[in-house]
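Residue-level structure breakdown
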Amino acid sequence: QVQLAESGGGLVQAGGSLRLSCVADGSTFGSAGLGWFRQSPGKEREIVAAISWNGGDIMYSDRVKGRFLISRDNAKKTLYLQMNSLTPEDTAVYYCALTLNYYSDYQPAYKFWGQGTQVTVSS
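Residues numbered from 1 in each chain as written. Predicted model: local features only at pLDDT ≥ 70, side-chain atom pairs only at ≥ 80, totals over all residues. Heavy atoms only, no water.

Burial runs high along strand β4 (residues 33-39): 6 of the 7 residues are buried. Strand direction decides the pairing type here: β4 and strand β9 (residues 92-99), joined by 7 bridges, are antiparallel. In the strand pairing of β9, Phe37 is matched with Tyr95. Bridge count for β4 against strand β5 (residues 46-51) is 5 bridges, and the pairing is antiparallel. (Buried < 20%, exposed > 50% of the residue type's maximum accessible area, 1.4 Å probe, protein only. Helix = DSSP H or I, 4+ residues; strand = E, 2+ residues; numbered from the N terminus. Pairing = 2+ DSSP bridges.)

Given below as structure tokens:
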């Protein structure tokens, strides 16, 4: 089974930046699609960004496009999310997830999830 662990969350003022990391165990990392998701109070979990096994295909939600960057380092089995120009609307628990598909932007395709890391953006 695959285990994932996020880190890098915290409290930041509006306009600031954070970089989230996700380290994965398991033998399938190099051929698996990866994604970042978030969930804020009273709302459903939503996709933030996704990246294919080799980084060739990337998508961002409209709400973060131009501000966030997703990347991966397969040698380190690590996924990253660089978050810039943060706003209070970005406040949420952020999760990394892995799909056995090479790429997916469809949330049910993701079967392995981290525990989540809290991001709080103050105004």
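Having seen the model, we can carry on.
Here we come to the sheet that holds strand β8 (residues 78-83). Across a sheet, paired strands are connected by hydrogen bonds in the backbone, their directions being either parallel or antiparallel. What the 4 strands build is an open sheet, ordered β1-β3-β8-β7; its pairing is antiparallel. The open sheet is flanked by β1 (3-7) and β7 (68-73), the only strands paired with a single partner. Pairwise comparison of adjacent strand axes, ignoring direction, gives a mean angle of 15 degrees for this sheet. Direction of pairing for strand β3 (residues 18-25) relative to β8: antiparallel, over a ladder of 6 bridges. Its bridge partner lying in β8, Ser21 is registered against Tyr80. (Axes fitted to C-alpha atoms, helices over the stretch in contact; angles between N-to-C directions.)

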